[in-house]
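Listed below, chain by chain, are the residues.
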Amino acid sequence: MSALSLVKRPRSRRLALLLAVLAFLPLTPAQAAPPELPDQIAAAWRTDHLYVDAAMRQGFPQAELARIRAAASSAGFPVYVALIPRTPYTRQDQLDLPTLLQARVGEPGLYLVWTASDGYWSGTEKLVRPGGLRGRSLIRVQLDDKLDNKIVTDRPAPKIVRTIQQAGTAYDGRPLPEIPVSDLTPELIRGRSTSEKEELSGYVGMGIGGLIGFVFVLTRVLRRRRRPARPAAGPKSPATVDHRLASVRTQADRWIPKAGRALRSFEKRRNLTAEQLDLRDDATARLAAARTLRAGASADDRADDQASGSTGDRKAGTPDILALTGAFVLARQAFQLVSGNDLQPPCFFDPTHPSGTHRAAWSDDIEVPACKTCAQTVERGKTPHGLQVKAKTGLFGSGFVPYWNLDPDESPMVATGFGALSDDLAERVTRVYGGVR
Ligand SMILES: [Zn+2]
(Lines give C-alpha, C1' and ligand atoms only; values in the text may rest on other atoms or scores of the structure.)
Protein backbone atom coordinates (compact mmCIF):
# COMPACT_ATOMS: atom_id res chain seq x y z
CA MET A 1 0.00 0.00 0.00
CA SER A 2 1.67 3.17 -1.10
CA ALA A 3 -0.47 5.24 1.19
CA LEU A 4 0.81 3.33 4.16
CA SER A 5 4.44 3.35 3.18
CA LEU A 6 4.12 7.06 2.70
CA VAL A 7 3.38 7.62 6.31
CA LYS A 8 5.38 4.98 8.08
CA ARG A 9 7.52 6.75 10.55
CA PRO A 10 10.62 5.16 11.97
CA ARG A 11 10.91 6.03 15.63
CA SER A 12 14.67 6.36 15.68
CA ARG A 13 14.76 8.94 12.92
CA ARG A 14 12.07 10.89 14.59
CA LEU A 15 13.82 10.78 17.93
CA ALA A 16 17.04 12.03 16.41
CA LEU A 17 15.11 14.91 14.96
CA LEU A 18 13.60 15.67 18.33
CA LEU A 19 16.89 15.66 20.14
CA ALA A 20 18.21 18.18 17.68
CA VAL A 21 15.53 20.75 18.27
CA LEU A 22 14.25 20.11 21.75
CA ALA A 23 17.28 20.87 23.81
CA PHE A 24 15.65 24.09 24.91
CA LEU A 25 12.76 22.44 26.68
CA PRO A 26 13.03 22.46 30.46
CA LEU A 27 14.04 19.08 31.80
CA THR A 28 11.65 19.31 34.68
CA PRO A 29 8.66 21.42 33.78
CA ALA A 30 7.01 23.17 36.66
CA GLN A 31 4.83 20.67 38.46
CA ALA A 32 1.90 23.00 38.79
CA ALA A 33 1.45 26.33 37.13
CA PRO A 34 -0.03 28.94 39.41
CA PRO A 35 -3.77 29.25 39.06
CA GLU A 36 -3.39 32.84 37.95
CA LEU A 37 -1.65 31.72 34.77
CA PRO A 38 -4.40 33.16 32.53
CA ASP A 39 -3.97 36.52 34.29
CA GLN A 40 -0.21 36.38 33.82
CA ILE A 41 -0.51 35.63 30.13
CA ALA A 42 -3.18 38.25 29.51
CA ALA A 43 -1.07 40.85 31.32
CA ALA A 44 2.02 39.95 29.31
CA TRP A 45 0.07 40.17 26.06
CA ARG A 46 -0.48 43.87 26.68
CA THR A 47 3.10 44.49 25.65
CA ASP A 48 3.84 41.44 23.48
CA HIS A 49 1.29 39.21 21.76
CA LEU A 50 3.74 36.31 21.87
CA TYR A 51 4.10 34.94 25.40
CA VAL A 52 6.76 32.37 26.23
CA ASP A 53 6.63 30.75 29.66
CA ALA A 54 9.44 31.85 31.94
CA ALA A 55 10.68 28.28 32.33
CA MET A 56 11.16 27.99 28.57
CA ARG A 57 12.50 31.41 27.70
CA GLN A 58 16.16 30.75 28.07
CA GLY A 59 17.60 29.31 24.92
CA PHE A 60 14.31 29.19 23.07
CA PRO A 61 15.18 29.18 19.36
CA GLN A 62 14.72 32.73 18.16
CA ALA A 63 14.05 31.58 14.62
CA GLU A 64 10.91 29.81 15.82
CA LEU A 65 9.66 32.94 17.53
CA ALA A 66 10.52 35.08 14.53
CA ARG A 67 8.46 32.85 12.23
CA ILE A 68 5.46 33.01 14.55
CA ARG A 69 5.75 36.79 14.82
CA ALA A 70 5.96 37.20 11.06
CA ALA A 71 2.86 35.06 10.47
CA ALA A 72 0.95 36.86 13.22
CA SER A 73 1.78 40.33 11.99
CA SER A 74 0.66 39.57 8.44
CA ALA A 75 -2.62 37.94 9.49
CA GLY A 76 -4.71 41.09 9.30
CA PHE A 77 -6.41 40.38 12.63
CA PRO A 78 -5.01 40.25 16.18
CA VAL A 79 -3.16 37.02 16.97
CA TYR A 80 -2.28 36.11 20.54
CA VAL A 81 0.11 33.23 21.17
CA ALA A 82 1.14 31.59 24.44
CA LEU A 83 3.82 28.89 24.58
CA ILE A 84 3.77 27.04 27.88
CA PRO A 85 4.89 23.68 29.24
CA ARG A 86 2.28 21.03 29.69
CA THR A 87 1.55 20.68 33.39
CA PRO A 88 -1.20 19.10 35.44
CA TYR A 89 -2.79 22.55 35.44
CA THR A 90 -2.82 22.99 31.65
CA ARG A 91 -3.98 19.39 31.24
CA GLN A 92 -7.14 19.81 33.30
CA ASP A 93 -10.24 18.50 31.65
CA GLN A 94 -12.31 21.59 31.94
CA LEU A 95 -9.57 24.07 31.20
CA ASP A 96 -10.18 25.93 27.98
CA LEU A 97 -7.33 28.40 28.07
CA PRO A 98 -8.02 30.18 24.76
CA THR A 99 -11.55 30.95 25.92
CA LEU A 100 -10.38 32.07 29.38
CA LEU A 101 -7.77 34.29 27.78
CA GLN A 102 -10.08 35.74 25.20
CA ALA A 103 -12.48 36.65 28.00
CA ARG A 104 -9.66 38.52 29.76
CA VAL A 105 -8.43 40.36 26.67
CA GLY A 106 -11.93 41.03 25.40
CA GLU A 107 -10.85 41.54 21.81
CA PRO A 108 -11.76 39.59 18.68
CA GLY A 109 -8.84 37.69 17.21
CA LEU A 110 -7.07 34.36 17.13
CA TYR A 111 -6.01 32.95 20.47
CA LEU A 112 -3.45 30.16 20.47
CA VAL A 113 -2.17 28.24 23.47
CA TRP A 114 0.53 25.77 22.59
CA THR A 115 2.04 23.34 25.07
CA ALA A 116 5.07 21.09 24.94
CA SER A 117 5.32 17.70 26.52
CA ASP A 118 7.59 14.75 25.82
CA GLY A 119 9.03 16.52 22.84
CA TYR A 120 5.74 17.18 21.10
CA TRP A 121 3.98 20.44 20.63
CA SER A 122 0.23 20.56 20.52
CA GLY A 123 -2.22 23.31 20.97
CA THR A 124 -5.70 24.66 21.10
CA GLU A 125 -7.00 27.71 19.37
CA LYS A 126 -10.03 29.91 19.30
CA LEU A 127 -10.99 32.31 16.54
CA VAL A 128 -13.30 35.13 17.60
CA ARG A 129 -14.60 37.33 14.83
CA PRO A 130 -15.77 40.90 15.30
CA GLY A 131 -19.51 41.04 15.93
CA GLY A 132 -21.61 40.33 12.87
CA LEU A 133 -18.80 38.87 10.79
CA ARG A 134 -19.33 35.33 9.56
CA GLY A 135 -17.15 32.91 7.72
CA ARG A 136 -16.20 29.27 7.47
CA SER A 137 -15.52 27.51 10.73
CA LEU A 138 -11.85 27.18 11.52
CA ILE A 139 -12.15 23.47 12.13
CA ARG A 140 -13.68 22.93 8.71
CA VAL A 141 -10.77 24.74 7.07
CA GLN A 142 -8.40 22.59 9.11
CA LEU A 143 -10.12 19.37 8.14
CA ASP A 144 -10.01 20.34 4.47
CA ASP A 145 -6.31 21.12 4.78
CA LYS A 146 -5.21 17.69 3.70
CA LEU A 147 -1.55 17.83 4.70
CA ASP A 148 -2.26 19.44 8.06
CA ASN A 149 -1.71 16.12 9.78
CA LYS A 150 1.73 15.83 8.23
CA ILE A 151 3.14 19.01 9.72
CA VAL A 152 5.96 18.36 12.15
CA THR A 153 5.16 18.82 15.83
CA ASP A 154 8.66 18.64 17.25
CA ARG A 155 8.91 22.43 17.17
CA PRO A 156 6.13 24.94 17.61
CA ALA A 157 6.33 27.30 14.63
CA PRO A 158 5.18 25.05 11.75
CA LYS A 159 1.80 24.19 13.27
CA ILE A 160 1.23 27.62 14.74
CA VAL A 161 2.03 29.37 11.48
CA ARG A 162 -0.31 26.98 9.68
CA THR A 163 -3.08 27.59 12.21
CA ILE A 164 -2.75 31.34 11.69
CA GLN A 165 -3.02 30.80 7.93
CA GLN A 166 -6.03 28.53 8.37
CA ALA A 167 -7.68 31.15 10.54
CA GLY A 168 -7.08 33.69 7.76
CA THR A 169 -8.90 31.42 5.32
CA ALA A 170 -11.74 30.91 7.78
CA TYR A 171 -11.82 34.64 8.44
CA ASP A 172 -12.20 36.00 4.93
CA GLY A 173 -11.84 33.14 2.49
CA ARG A 174 -8.30 33.98 1.39
CA PRO A 175 -6.51 31.00 -0.19
CA LEU A 176 -4.28 28.86 1.98
CA PRO A 177 -0.62 29.24 1.10
CA GLU A 178 1.48 26.17 0.43
CA ILE A 179 3.14 24.37 3.31
CA PRO A 180 6.93 24.58 3.05
CA VAL A 181 8.32 21.10 2.47
CA SER A 182 10.62 21.62 5.45
CA ASP A 183 7.53 21.75 7.69
CA LEU A 184 6.29 18.34 6.58
CA THR A 185 7.37 15.10 8.17
CA PRO A 186 10.38 13.75 6.28
CA GLU A 187 8.77 10.37 5.69
CA LEU A 188 6.10 11.93 3.56
CA ILE A 189 8.54 13.28 1.05
CA ARG A 190 11.23 10.64 1.25
CA GLY A 191 11.61 8.68 -1.94
CA ARG A 192 9.75 11.15 -4.08
CA SER A 193 11.22 12.88 -7.05
CA THR A 194 11.99 16.56 -6.82
CA SER A 195 9.10 17.50 -9.03
CA GLU A 196 6.79 15.42 -6.90
CA LYS A 197 8.07 17.20 -3.82
CA GLU A 198 7.32 20.51 -5.41
CA GLU A 199 3.87 19.33 -6.35
CA LEU A 200 3.30 18.01 -2.88
CA SER A 201 3.42 21.45 -1.34
CA GLY A 202 1.13 22.63 -4.08
CA TYR A 203 -1.56 20.12 -3.23
CA VAL A 204 -2.72 22.08 -0.26
CA GLY A 205 -3.59 25.36 -1.84
CA MET A 206 -4.89 23.82 -5.04
CA GLY A 207 -7.43 21.61 -3.39
CA ILE A 208 -6.37 18.51 -5.26
CA GLY A 209 -4.78 16.95 -2.23
CA GLY A 210 -8.03 15.19 -1.51
CA LEU A 211 -6.91 11.82 -2.68
CA ILE A 212 -3.63 11.66 -0.83
CA GLY A 213 -5.06 13.14 2.32
CA PHE A 214 -8.13 11.03 2.15
CA VAL A 215 -6.48 7.70 1.55
CA PHE A 216 -3.94 8.50 4.17
CA VAL A 217 -6.39 9.38 6.87
CA LEU A 218 -8.63 6.46 6.10
CA THR A 219 -6.02 3.79 6.11
CA ARG A 220 -4.37 5.15 9.19
CA VAL A 221 -7.39 5.96 11.27
CA LEU A 222 -9.38 2.91 10.37
CA ARG A 223 -6.63 0.33 10.23
CA ARG A 224 -4.66 1.60 13.15
CA ARG A 225 -7.27 0.74 15.70
CA ARG A 226 -8.35 -2.42 14.04
CA ARG A 227 -6.52 -4.69 16.36
CA PRO A 228 -8.42 -7.69 17.58
CA ALA A 229 -9.15 -6.18 20.93
CA ARG A 230 -11.81 -7.78 23.02
CA PRO A 231 -15.11 -6.22 22.20
CA ALA A 232 -15.84 -3.27 24.42
CA ALA A 233 -18.38 -3.70 27.13
CA GLY A 234 -21.20 -2.33 25.08
CA PRO A 235 -24.89 -2.99 25.03
CA LYS A 236 -25.34 -6.72 25.01
CA SER A 237 -28.95 -7.53 25.61
CA PRO A 238 -31.48 -7.16 22.81
CA ALA A 239 -33.39 -4.71 25.00
CA THR A 240 -30.41 -2.36 25.20
CA VAL A 241 -29.78 -2.67 21.48
CA ASP A 242 -33.40 -1.87 20.76
CA HIS A 243 -33.19 1.07 23.08
CA ARG A 244 -30.12 2.46 21.32
CA LEU A 245 -31.69 1.96 17.93
CA ALA A 246 -34.88 3.65 19.06
CA SER A 247 -32.91 6.54 20.47
CA VAL A 248 -30.97 7.27 17.30
CA ARG A 249 -34.11 6.73 15.22
CA THR A 250 -35.82 9.38 17.32
CA GLN A 251 -32.88 11.71 16.71
CA ALA A 252 -33.08 11.15 12.95
CA ASP A 253 -36.83 11.60 12.93
CA ARG A 254 -36.51 14.84 14.83
CA TRP A 255 -33.76 16.37 12.70
CA ILE A 256 -34.97 15.42 9.22
CA PRO A 257 -38.22 17.45 9.46
CA LYS A 258 -36.43 20.18 11.37
CA ALA A 259 -33.89 20.53 8.55
CA GLY A 260 -36.70 20.33 6.00
CA ARG A 261 -38.53 23.24 7.61
CA ALA A 262 -35.35 25.33 7.88
CA LEU A 263 -34.55 24.60 4.23
CA ARG A 264 -38.03 25.59 3.03
CA SER A 265 -37.95 28.87 4.89
CA PHE A 266 -34.44 29.54 3.59
CA GLU A 267 -35.64 28.92 0.02
CA LYS A 268 -38.43 31.46 0.48
CA ARG A 269 -35.97 34.29 1.00
CA ARG A 270 -35.66 36.68 -1.89
CA ASN A 271 -32.50 37.49 -3.81
CA LEU A 272 -30.34 34.70 -2.52
CA THR A 273 -26.67 35.42 -3.17
CA ALA A 274 -24.51 32.93 -5.05
CA GLU A 275 -23.05 31.84 -1.73
CA GLN A 276 -26.51 31.30 -0.26
CA LEU A 277 -27.52 29.28 -3.30
CA ASP A 278 -24.51 27.05 -2.69
CA LEU A 279 -25.56 26.62 0.93
CA ARG A 280 -29.08 25.73 -0.20
CA ASP A 281 -27.82 23.14 -2.69
CA ASP A 282 -25.45 21.62 -0.15
CA ALA A 283 -28.22 21.40 2.45
CA THR A 284 -30.60 19.89 -0.11
CA ALA A 285 -28.09 17.19 -1.00
CA ARG A 286 -27.39 16.34 2.64
CA LEU A 287 -31.06 16.22 3.52
CA ALA A 288 -31.84 13.99 0.52
CA ALA A 289 -29.09 11.58 1.57
CA ALA A 290 -30.42 11.63 5.13
CA ARG A 291 -33.87 10.68 3.84
CA THR A 292 -32.39 7.91 1.70
CA LEU A 293 -30.63 6.44 4.72
CA ARG A 294 -33.73 6.78 6.89
CA ALA A 295 -35.91 5.10 4.27
CA GLY A 296 -33.42 2.24 3.97
CA ALA A 297 -33.49 1.75 7.71
CA SER A 298 -37.30 1.58 7.60
CA ALA A 299 -37.09 -1.21 5.05
CA ASP A 300 -34.81 -3.06 7.42
CA ASP A 301 -37.30 -2.49 10.22
CA ARG A 302 -39.99 -4.21 8.23
CA ALA A 303 -37.69 -7.10 7.43
CA ASP A 304 -37.01 -7.37 11.13
CA ASP A 305 -40.69 -7.46 11.95
CA GLN A 306 -41.37 -10.19 9.45
CA ALA A 307 -38.51 -12.25 10.72
CA SER A 308 -39.02 -11.50 14.37
CA GLY A 309 -38.69 -14.46 16.62
CA SER A 310 -36.48 -16.38 14.26
CA THR A 311 -33.42 -14.21 13.76
CA GLY A 312 -32.42 -12.61 17.01
CA ASP A 313 -29.07 -11.73 15.51
CA ARG A 314 -30.64 -9.44 12.95
CA LYS A 315 -31.92 -7.35 15.84
CA ALA A 316 -28.41 -6.15 16.49
CA GLY A 317 -29.05 -4.08 13.42
CA THR A 318 -25.58 -2.86 12.52
CA PRO A 319 -26.74 -1.58 9.12
CA ASP A 320 -29.65 0.13 10.86
CA ILE A 321 -27.59 1.89 13.44
CA LEU A 322 -25.13 3.06 10.79
CA ALA A 323 -27.92 4.27 8.50
CA LEU A 324 -29.93 5.98 11.23
CA THR A 325 -26.87 7.64 12.68
CA GLY A 326 -25.81 8.77 9.21
CA ALA A 327 -29.30 10.15 8.59
CA PHE A 328 -29.16 12.08 11.84
CA VAL A 329 -25.70 13.51 11.13
CA LEU A 330 -26.60 14.63 7.60
CA ALA A 331 -29.91 16.17 8.65
CA ARG A 332 -28.23 18.07 11.46
CA GLN A 333 -25.66 19.40 8.99
CA ALA A 334 -28.36 20.41 6.51
CA PHE A 335 -29.99 22.33 9.33
CA GLN A 336 -26.69 24.01 10.26
CA LEU A 337 -26.18 25.17 6.68
CA VAL A 338 -29.51 26.93 6.27
CA SER A 339 -29.95 28.22 9.80
CA GLY A 340 -26.94 30.52 9.83
CA ASN A 341 -24.69 28.18 11.79
CA ASP A 342 -21.25 26.96 10.86
CA LEU A 343 -21.22 23.56 9.23
CA GLN A 344 -19.69 21.17 11.74
CA PRO A 345 -18.26 17.69 11.28
CA PRO A 346 -19.65 15.07 13.65
CA CYS A 347 -17.70 13.66 16.57
CA PHE A 348 -15.64 10.96 14.87
CA PHE A 349 -15.89 8.61 17.82
CA ASP A 350 -19.63 8.74 18.27
CA PRO A 351 -21.52 10.80 15.68
CA THR A 352 -24.60 10.86 17.91
CA HIS A 353 -22.62 13.11 20.24
CA PRO A 354 -22.56 16.91 19.93
CA SER A 355 -20.72 18.07 16.80
CA GLY A 356 -16.96 17.64 16.51
CA THR A 357 -15.97 21.15 17.47
CA HIS A 358 -12.71 19.99 19.02
CA ARG A 359 -9.78 18.21 17.53
CA ALA A 360 -8.46 15.07 19.12
CA ALA A 361 -4.90 13.93 18.49
CA TRP A 362 -5.65 10.27 18.26
CA SER A 363 -2.10 9.29 17.50
CA ASP A 364 1.11 11.21 16.94
CA ASP A 365 0.03 12.37 13.56
CA ILE A 366 -3.72 11.93 13.28
CA GLU A 367 -6.23 14.44 14.41
CA VAL A 368 -9.95 13.85 14.16
CA PRO A 369 -12.88 16.09 14.98
CA ALA A 370 -14.43 15.16 18.29
CA CYS A 371 -16.94 16.47 20.77
CA LYS A 372 -15.49 18.05 23.88
CA THR A 373 -15.97 14.96 26.03
CA CYS A 374 -14.31 12.60 23.57
CA ALA A 375 -11.49 15.09 22.93
CA GLN A 376 -10.84 15.15 26.66
CA THR A 377 -10.88 11.37 26.83
CA VAL A 378 -8.26 11.26 24.09
CA GLU A 379 -6.26 13.95 25.88
CA ARG A 380 -6.08 11.60 28.86
CA GLY A 381 -4.58 8.95 26.61
CA LYS A 382 -7.73 6.84 26.42
CA THR A 383 -9.84 5.77 23.47
CA PRO A 384 -13.46 6.89 23.71
CA HIS A 385 -16.05 4.15 23.94
CA GLY A 386 -17.27 5.05 20.47
CA LEU A 387 -20.44 4.19 18.62
CA GLN A 388 -20.86 0.48 19.27
CA VAL A 389 -21.93 -1.90 16.54
CA LYS A 390 -22.30 -5.63 16.32
CA ALA A 391 -19.03 -7.24 15.31
CA LYS A 392 -18.95 -9.51 12.32
CA THR A 393 -18.63 -13.05 13.54
CA GLY A 394 -15.17 -14.50 13.17
CA LEU A 395 -13.14 -11.35 12.93
CA PHE A 396 -13.50 -10.14 16.47
CA GLY A 397 -15.63 -12.87 17.91
CA SER A 398 -19.13 -11.97 18.84
CA GLY A 399 -20.08 -8.86 20.71
CA PHE A 400 -19.87 -5.16 20.10
CA VAL A 401 -17.02 -3.10 18.77
CA PRO A 402 -16.58 0.58 17.89
CA TYR A 403 -17.87 1.14 14.36
CA TRP A 404 -14.43 2.03 13.00
CA ASN A 405 -13.51 -1.64 13.30
CA LEU A 406 -15.87 -2.48 10.47
CA ASP A 407 -14.64 -2.78 6.91
CA PRO A 408 -14.70 0.71 5.36
CA ASP A 409 -15.58 -0.86 2.01
CA GLU A 410 -18.92 -2.03 3.32
CA SER A 411 -20.44 1.27 4.30
CA PRO A 412 -19.94 4.89 3.31
CA MET A 413 -20.60 5.79 6.94
CA VAL A 414 -17.61 3.75 8.10
CA ALA A 415 -15.43 4.85 5.19
CA THR A 416 -15.90 8.53 5.96
CA GLY A 417 -16.24 8.34 9.73
CA PHE A 418 -19.79 9.63 9.16
CA GLY A 419 -18.26 12.56 7.30
CA ALA A 420 -15.75 13.37 10.03
CA LEU A 421 -12.80 12.17 7.96
CA SER A 422 -13.96 13.41 4.59
CA ASP A 423 -16.90 15.64 3.94
CA ASP A 424 -18.46 13.64 1.13
CA LEU A 425 -20.84 11.33 2.99
CA ALA A 426 -23.91 12.68 1.16
CA GLU A 427 -22.39 12.06 -2.29
CA ARG A 428 -21.30 8.56 -1.32
CA VAL A 429 -24.69 7.68 0.12
CA THR A 430 -26.39 8.80 -3.08
CA ARG A 431 -23.89 6.84 -5.14
CA VAL A 432 -24.27 3.65 -3.11
CA TYR A 433 -27.96 3.70 -2.21
CA GLY A 434 -29.43 5.86 -4.97
CA GLY A 435 -31.58 8.95 -4.63
CA VAL A 436 -34.37 9.63 -2.20
CA ARG A 437 -37.65 7.95 -2.80
ZN1 LIG B 1 -17.82 12.38 21.21
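Anything mentioned here points back to the structure above.
Below you will find a few notes about this structure.

About the cut-offs
Residues numbered from 1 in each chain as written. Predicted model: local features only at pLDDT ≥ 70, side-chain atom pairs only at ≥ 80, totals over all residues. Heavy atoms only, no water. Donors = N, O, S within 2.8 Å, 3.2 Å for Na, K, Ca; no water. Tetrahedral: all angles 85-135°; square planar, octahedral: opposite > 155°, others 65-115°. Helix = DSSP H or I, 4+ residues; strand = E, 2+ residues; numbered from the N terminus. Pairing = 2+ DSSP bridges. Axes fitted to C-alpha atoms, helices over the stretch in contact; angles between N-to-C directions. Patch = residues over 30% accessible without salt bridge, like charges linked within 9 Å, V, L, I, M, F, W, Y side chains within 5 Å. Areas by Shrake-Rupley, 256 points an atom, 1.4 Å probe, with all protein chains shown as cover. Salt bridge = Lys/Arg side-chain N within 4 Å of Asp/Glu carboxyl O. Lys, Arg positive; Asp, Glu negative; His and termini not counted. Charge placed at Lys NZ, Arg CZ, Asp CG, Glu CD. Buried < 20%, exposed > 50% of the residue type's maximum accessible area, 1.4 Å probe, protein only. Core = buried A, V, L, I, M, F, W, Y, C linked by side-chain atoms within 4.5 Å.

1. Focus on the coordination of the zinc ion
Octahedral six-donor coordination of a metal ideally yields angles of 90 or 180 degrees, compared with 109.5 degrees for tetrahedral four-donor coordination.
For step 1, the next point in the chain: Protein coordination at the zinc ion: the donors are Cys 347 (SG), His 353 (ND1), Cys 371 (SG) and Cys 374 (SG), at 2.1 to 2.4 Å from the metal.
For step 2, the next point in the chain: Around the zinc ion, the 4 donor atoms are arranged such that angles at the metal cover 98 to 125 degrees; this shape is classified as tetrahedral.
For step 3, the next point in the chain: Sequence positions of the donors to the zinc ion reduce to the motif C-x5-H-x17-C-x2-C. Of this pair, His 353 sits in the loop between helix H14 (318-338) and strand E5 (358-363) while Cys 371 sits in the loop between strand E6 (366-370) and helix H15 (372-379), and the two are 18 residues apart along the sequence.

2. As for the sheet that holds strand E1 (residues 50-52)
For step 1, the next point in the chain: Strand order in the open sheet formed by 4 strands is E1-E2-E3-E4, and the pairing between neighbours is mixed. Two strands close off the open sheet at either side, each with one partner strand: E1 and strand E4 (120-128). Pairwise comparison of adjacent strand axes, ignoring direction, gives a mean angle of 10 degrees for this sheet.
For step 2, the next point in the chain: Two elements, strand E3 (residues 109-117) and E4, share 9 bridges in a ladder whose sense is antiparallel. Note that in E4 the partner of Leu 112 across the bridge is Glu 125.

3. Some details on a positive patch on the surface
For step 1, the next point in the chain: A contiguous patch of positive charge, built from Arg 261, Arg 264, Lys 268 and Arg 291, is present on the exposed surface.
For step 2, the next point in the chain: Tracing the chain through its elements places Arg 264 in helix H12 (residues 238-267).

4. Examining the environment of Lys 258
For step 1, the next point in the chain: Here Lys 258 is to be found in helix H12.
For step 2, the next point in the chain: For Lys 258, a relative accessible area of 25% corresponds to the partly exposed category.
For step 3, the next point in the chain: With 76 residues separating them along the chain, Lys 258 and Ala 334 place their C-alpha atoms 9.4 Å apart.

5. Observations regarding the nonpolar core
For step 1, the next point in the chain: Leu 322, Phe 348, Phe 349 and Tyr 403 are the most contacted members of the largest nonpolar core, which totals 57 residues.
For step 2, the next point in the chain: Looking at this core, the elements that each hand over two or more residues are H12, helix H13 (274-307), H14, E5, E6, H15, helix H16 (412-415) and helix H17 (425-433).
For step 3, the next point in the chain: Residues Ala 71, Leu 112, Trp 114 and Ala 157 belong to the second largest nonpolar core, which totals 29 residues.

6. Focus: the pattern of salt bridges
For step 1, the next point in the chain: In this structure the tally under the stated criterion is 17 salt bridges.
For step 2, the next point in the chain: Asp 148 is the salt-bridge partner of Arg 359, the closest N and O atoms lying 3.1 Å from each other. Taken together, the residues span a long stretch of sequence, with Arg 359 in strand E5 and Asp 148 in the loop between helix H7 (138-144) and helix H8 (157-172) at a distance of 211 residues.
For step 3, the next point in the chain: Asp 154 is paired through a salt bridge with Arg 155; the nearest N and O atoms lie 3.3 Å apart. Across this residue pair, the class does not change: Asp 154 and Arg 155 are buried.

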